[in-house]
Amino acid sequence: MSRRRSRAAVGLLAALGLLLTLFAASPALAAGYRYWSFWQGSGGTWGYATEGPSTARPADGATLGFRFSVSKDAAAEAARPRAAADFEAVCGGTPAAEGRKRVALVVDFGVAEDAPAGDAPPQDAPRTACAQVAPDATAAEALASVAKPLRYNGAALLCAISGYPKSGCGEPIADAEAKASAPVPSASSAPAHSPGGGSGPSAGLVVGAAAVAALGAAAVWQSRRRRR
């Protein structure tokens, strides 16, 4: 290989490395979100739910949590409810009823710093309630039975519980505000349902992978062309 081709190859590799670095760093540059996160209790601890409340069907004896907060990421940095995931503490005083299931609910309206402009959490401490609903009821139906009014957007994203917040729905916020309000990340959380209603790799990562693949294909084509 000539020196010119060697220099071209080195330059291409450097460009690829730069692209990979930029796209790997892109999640850190993304804006945060202000939204209601959904949690499921297990063994006294909270775990980020693997599906949305409109499709999740909790079993009798389940404990569900909802927390309003500003988060940098939908799961890895989402704030947990500030009350324990304790079914007995919430539903222990509610007798079981035939043909109904009991679901313990913890609704945490969050802190004033996370409230949208002109709005405020309706109460400081988390609210708890024991819902008695039909055996096939979803988490959303259990929540609606104790915390109306609920508000959703066109993508079935939960926007408000008990009318809070008055407006907005998982909107992105300024990066500086996200850093000021974001809770400490938790390694036990796993990405599941995002403020945008979906999961999987970010659009930036997909575009980055496509760009790298395109550059690689161009390098192969150029190399074969020079050999002819």
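Within each chain, residue numbers correspond to sequence positions counted from 1 in written order. Given that this is a predicted model, residues contribute local features only at a pLDDT of at least 70 and side-chain atom pairs are listed and counted only at 80 or more, while totals for whole chains, interfaces and linings are drawn from all residues. Excluded from the side-chain calculation are hydrogens and water; included are all heavy atoms of the structure.

We now examine the side chain of Arg34. Here Arg34 shows up in strand 1 (residues 32-42). When accessible area is computed with a 1.4 Å probe and restricted to protein chains, residues below 20% of their type maximum are described as buried, those above 50% as exposed, and intermediate ones as partly exposed. The exposure class of Arg34 is buried, given its relative accessible area of 7%. Within the local environment of Arg34, its side chain forms a polar contact with the backbone oxygen of Asp114, the two atoms lying 2.8 Å apart. Secondary structure elements are defined from DSSP: runs of H or I of at least 4 residues count as helices, runs of E of at least 2 residues count as strands, and each element is numbered from the N terminus. Polar contact criterion, stated in full: a pair of N or O atoms within 3.5 Å, where within protein one must be able to donate a hydrogen and the other to accept it, and residues adjacent in sequence count only if both atoms are side-chain atoms.

Within this document, salt bridges are pairs made up of a side-chain nitrogen of Lys or Arg and a carboxyl oxygen of Asp or Glu, the two lying within 4 Å of each other. Under the defined criterion, the tally for this structure stands at three salt bridges. Where Asp108 meets Arg67, a salt bridge forms, and the shortest distance between an N and an O atom there is 3.8 Å. A residue pair is termed long-range when its members are at least 10 positions apart, and Asp108 in strand 4 (residues 101-108) and Arg67 in strand 3 (residues 62-71) qualify at 41 residues. In this pair, the class of Asp108 matches that of Arg67, namely buried. Arg82 is the salt-bridge partner of Asp108, the closest N and O atoms lying 2.8 Å from each other. Of this pair, Asp108 sits in strand 4 while Arg82 is found in the loop between strand 3 and helix 2 (87-91), placing the two residues 26 residues apart along the sequence. Residues joined by salt bridges that share partners form a network here, namely Arg67, Arg82 and Asp108.

A few words now on the environment of Trp36. Mapped onto the elements of the fold, Trp36 is located in strand 1. On the accessibility criterion, Trp36 (4% relative accessible area) is buried. Contacts are residue-level and defined by heavy atoms, with any inter-residue pair within 4.5 Å sufficient. With near-sequence residues (within four places) excluded, Trp36 lies in contact with Phe66, Arg67, Phe68, Val107, Asp108, Phe109, Leu158, Cys159, Ala160, Ile161, Tyr164 and Pro165. At 3.0 Å, the side chain of Trp36 and the backbone oxygen of Tyr164 are in polar contact.

The next thing to look at is the state of the cysteines. Any two cysteine sulfur atoms within 2.5 Å of one another count as a disulfide. For the structure on display, the rule yields two disulfides. Each sulfur in the disulfide pair Cys91 and Cys130 lies 2.1 Å from the other. Its S-S torsion of about 110° marks the bond between Cys91 and Cys130 as right-handed, since a negative value means left-handed. Taken together, the positions of Cys91 in helix 2 and Cys130 in strand 5 (residues 127-133) put the pair 39 residues apart, joining distant regions of the chain. Side by side, Cys91 and Cys130 carry an identical accessibility label, which is buried. One disulfide in the model links Cys159 with Cys169; its S-S distance is 1.9 Å.

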